Structures are given as C-alpha cells and as structure tokens.
Amino acid sequence: NTIVKKINEDNFTDTDLCEAAKILREGGLVAFPTETVYGLGANGLDEKASKKIYEAKGRPSDNPLILHIADVDSLYEIASEVPESAKRLADEFWPGPLTMILKKNNKVPYSTTGGLESVAIRMPEHKIALALIKESGLYIAAPSANTSGKPSPTKAEHVIKDLNGKVDMIIDGGKVGIGLESTIIDLTSKVPTILRPGYITEEMLNNVLGTVDTDKAILKENKDKNYKPKAPGMKYKHYAPKANLTIFEGNEATVIDEIIKRTMEKQTQGVKVGIIATDESKEKYQCGVVKTIGSRKNNKSIARGLYEILRDFDDLDVDVIYSESFLDNNLGQAIMNRLLKASGYDLINVR
Ligand code: TXA
Ligand code: MG
C-alpha cells in the first residue's frame, strides 16, 4: 500500500516530512519531487534499501544510483577525494541540476554504485527534496522514479502510474520545473567529461573549469558493440514511449510538409499517428493527433514538456510518433539527446 502525500513546495513544515523521513530511515522507499524529475529515494548507504530501488523499477543492477546530499560538506563523507574542480562546481551550481562523479570511499556500498569505484553525487535545489534529505539525516540514493525504460516522471501522476503498490510513499509536489535529468560530469577522468547533458550546459561548465570534454555518444548512436559508455545508464534504450518515434530534421517548413505527407499515408493504412509539434507549428497540421511540446522561442518550455508528451502519447495508444527536431545548442543538446534516445536514434534528414 502506497501512501500518496500532497505537499506544497512553497508552504510546508518539517513535520509534513516526518513520516517520509521515518520510512527512509527504516529502509523503505519514498518517491519525491526534485527540480529535474521525480526521484525514487532510499538510504544510499544501506545495501538492502538500495536493492529495493532496483526491484521496484525493474532496473538492471549494473546501473548505478545518484546519492543526493543537502550540504557541500557531505561530499567529504562519501567521496574519497574531492578535487578543486568539484569545489568550484559546487560553489557555482549547487544546490542544482548537476551531478558529479567522484571516487567513492568505503562507506558507499557497491550495490549503490553498480560495482563501480566511483559515486555520483548531487545536491538538489527543490525545497522538498532538500528538506527530506535533511530531515532523514541520510544520503538518499535516487534514480528517476519511473519503471526502467519509461520516460522519467515530471509529475506525481506519472510516478503513481509506474510505482503505485511498489513503494511505501509518493510525495506529490506538483509538476517539476526543469523536466530533464541532471547534467552528469565525471571528475575522475583527466579532463572533466560530460556523460549526460542537461540544464547545466557545456558552456556553463566550461566557464568554470576552462576545459571540459563531452562523451561522443551523446548525440550519435555508437554502433560499436564493444563500446561501453561511462555512465552505464546511457547504454540502455531509455525514455522510450510505446509507439515508434521518428524525428525529422531540416528546414522547418520542409519538415512539417514531410510529417504531414507521411501522416496522411499512415492514416489511410489505419495507423494512428501522434505528432510532436511546437506552439509555432501546431496549426499547420490538419491530421494526426497533434500535441505541442512548447515554444521554439523558449527551450526551457520544450525541456519541461518532453517526457509528459511521450507519456501522453502512450495513454492515447498511438502507433507511431513523428517529431520535429530542435537545435542542439545549449539546453537543446539535452533535448535532442533525450529525443534521439527515445527514438532509438531514428532521425531522418529532409533537407
Ligand atoms: O536529475 C537527476 O539526476 C535525477 C533526480 C532524481 O536527481 N536522477 C536520475 O537518476 O536521473 P538516474 O538513476 O535515472 O540516472 C543516473 C545516471 C545513470 O545513467 C547512471 O548510469 C549514471 O547516472 N551514474 C550513476 N553513478 C555513476 C558513476 N559512478 N559513474 C558513471 N555514471 C554513473
Ligand atoms: Mg532514469
């Protein structure tokens, strides 16, 4: 039996989180909102508790979890080395949507790190997340609170759909602000390397660190069977909607024409087509099930709408989804990374 508890981010007290903190201290599972996506939390230093996370999500056990902390000093409690770069990044971006990979110390169990010698650490900015970490007195391991392979949850309703009956409590704090998972930067390599793009962009990280690399696989499929991405989670076909998703790139007007043409063809064959449009283009489609993801003038709105639109199309039982593409600069890099993964890298150029 899962308790669902509504909490208003701007108006709550520590007592509202008492029960959730107690569940976590006793080794249970609590889903909670963060500024990026909802997380599924457990005591990250308790082997048994973190194993429950893998069970509830159906997550492969070699895919490590992120430890969430509520103050910078906690870094020294779980990392064996804290390089200068980590301190500078923490100063600039924490609390916030940035995860750092550091060498773990022996307090952190391998069940949390998927057997790795490194550990992923993030201090979230969401008031409920921060207060829950503090109130519990723990380091909270929390992957996104979805069933493995489904789009990450940006609303409590998504978590309820995936995890009701499998976790002890779900805290409903409304819709999240960012909508895509945190940027991950590996600080154990010679040159700091971005393993997963997010709201904190390459440019922002460069401004603090001078040089950063980006894992090549972020915007391209790596067809080498022996290739192992450094973030184990990036190798799975993630964020996948039920329908087959195809992305079209090229001149905007040509893309729209191509999507319309293909949609009409499919419809005559009795295939139900979903279209991912923007505020700017939605009026142009007179066929298919059209949903707008946000405005091209505001990448933040597109990031925030992406996972919800994929889940909505799941509920509508469309057979295929056609999507416009987005510029892959700044936050657009994270948007295209998630969209490409959801499509299994099915990108068609219509230039
Ligand atoms: O925004 C977020 O980061 C959300 C919220 C809840 O904080 N969490 C999240 O967790 O997205 P998850 O488990 O869905 O994604 C964690 C990613 C995975 O791709 C995993 O492989 C990678 O981080 N990761 C974790 N520990 C790692 C490590 N030691 N080395 C390399 N990659 C690691
Ligand atoms: Mg995830």
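Only a predicted model underlies this, so the values are computations on that prediction, with no experimental measurement involved.

Draft legend 1. Expanded view of the UniProt feature "binding site: L-threonine" (unreviewed entry) in the chain. In this structure's numbering, the residues bearing the UniProt feature "binding site: L-threonine" (unreviewed entry) are T36, H68, R122 and S182. For the residues just named, distributed over 147 residues, the greatest C-alpha separation is only 12.8 Å, placing them together at one site. Among the secondary structure elements, H68 is positioned in strand 4 (residues 66-68). Under the relative-accessibility criterion, H68 is labelled buried at 3%. In this view, H68 contacts R122, P124, I133, L138, Y139, I140, A141 and A142; residues no more than four positions away in its chain are not counted. Of the polar contacts made by the side chain of H68, one reaches the backbone oxygen of I66; its length is 3.2 Å. When you line up the elements, S182 lands in the loop between strand 8 (169-172) and strand 9 (183-186). Of the polar contacts made by the side chain of S182, one reaches the side chain of T99; its length is 2.7 Å.

Draft legend 2. Region of the structure containing helix 6 (residues 127-136). The element helix 6 is largely enclosed, with a buried count of seven among its 10 residues. Taken residue by residue, helix 6 has I128, A129, L130, A131, L132, I133 and S136 as its buried positions. Those residues of helix 6 that are buried are in contact with helix 1 (18-25), strand 2 (30-32), strand 4, strand 7 (140-141) and strand 8. G137 sits one or two residues past helix 6 and shows a positive phi near 70°.

Draft legend 3. Up close: helix 9 (residues 252-268). The first and last C-alpha atoms of helix 9 sit 25 Å apart over 17 residues, in line with the 24 Å expected at 1.5 Å per residue. Turning to helix 9, its buried residues number three or more, namely V255, I256, E258, I259 and T263. Down the axis of helix 9, the sector holding all buried residues measures 160°, keeping them to one side. Facing away from the buried side of helix 9 by more than 90 degrees, the exposed set consists of D257 and T268. Tucked inside the fold, the buried residues of helix 9 contact strand 12 (244-249), strand 13 (273-277) and strand 15 (320-324). Two residues or fewer after helix 9 comes G270, characterised by a positive phi angle close to 80°.

Draft legend 4. Quick look at the pattern of salt bridges. Within this structure, the stated rule accounts for 21 salt bridges. In this structure, D10 and K127 form a salt bridge, with 3.1 Å as the shortest nitrogen-oxygen distance. Separated by 117 residues along the polypeptide, D10 in the loop between strand 1 (3-6) and helix 1 and K127 in helix 6 bring together distant segments of the chain. Judged by relative accessible area, D10 falls into the exposed class, the value being 62%. The exposure class of K127 is partly exposed, given its relative accessible area of 44%. With its nearest N and O atoms 2.8 Å apart, the salt bridge here joins E258 to R262. Of this pair, E258 and R262 both sit in helix 9, four residues apart, roughly one helical turn. Taking relative accessible area as the criterion, E258 reaches 15% and is therefore assigned buried.

Calculation notes
Residues numbered from 1 in each chain as written. Chains lettered and ligands numbered in written order. Predicted model: local features only at pLDDT ≥ 70, side-chain atom pairs only at ≥ 80, totals over all residues. Heavy atoms only, no water. UniProt positions renumbered as here; feature names shortened; annotations may be inferred. Helix = DSSP H or I, 4+ residues; strand = E, 2+ residues; numbered from the N terminus. Buried < 20%, exposed > 50% of the residue type's maximum accessible area, 1.4 Å probe, protein only. Contact = heavy atoms within 4.5 Å. Polar contact = N/O pair within 3.5 Å; in protein donor to acceptor, adjacent residues only side chain to side chain. Expected span 1.5 Å × (residues − 1). Arc of directions from axis to C-beta. Salt bridge = Lys/Arg side-chain N within 4 Å of Asp/Glu carboxyl O.

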